[in-house]
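The residues making up each chain are set out below.
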Amino acid sequence: IMKPKFHFLIHLPVYICHFGPVIIFSTERYKSFNHIFWLTCIHSNWQGPTQDTCQTFAWFNIIKHIITSGFWYEK
């Protein structure tokens, strides 16, 4: 379900002047990323939360690379 974001109406004229017509103005994509980021922080040991989050996202990128049939060059 898409809820309209009325706050963006304030900024919309400036965005249209800078970037042209607004095709899709949705924040749902960013909300889902914030949820993933929040989950990585929750499962941290809080001794080094930034490092734990970086390692988790690095692991996500490795998994994404493998799942999308990526490969590594061998020298």
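Scroll up to find the structure.
What this report covers is the structure whose coordinates are included nearby. (Residues numbered from 1 in each chain as written. Predicted model: local features only at pLDDT ≥ 70, side-chain atom pairs only at ≥ 80, totals over all residues. Heavy atoms only, no water.)

Let us now look at the environment of Val22. On the secondary structure map, Val22 appears in the loop between helix H1 (8-19) and helix H2 (28-42). C-alpha separation for the pair Val22 and Leu12, spaced ten residues apart in sequence, amounts to 8.3 Å. (Helix = DSSP H or I, 4+ residues; strand = E, 2+ residues; numbered from the N terminus.)

The next point concerns H1. For H1, which comprises twelve residues, the first-to-last C-alpha distance of 14 Å sits more than 12% below the rise-based estimate of 16 Å (1.5 Å per residue). Gly20, located one to two residues past H1, shows a positive phi value of around 90°. (Expected span 1.5 Å × (residues − 1).)

Right, let's get into the packing of aromatic side chains. Inspection of the entire model under this criterion finds one aromatic pair. Ring plane angle 85° and centroid distance 5.8 Å describe the contact between Phe57 and Phe60, whose orientation is recorded as edge-to-face. One end of the pair, Phe57, and the other, Phe60, are both in helix H3 (residues 49-67), three residues apart, so they sit about a helical turn from each other. The partly exposed category is assigned to Phe60, whose relative accessible area is 38%. (Phe/Tyr/Trp six-rings, centres within 6.5 Å; stacked < 30°, edge-to-face > 60°. Buried < 20%, exposed > 50% of the residue type's maximum accessible area, 1.4 Å probe, protein only.)

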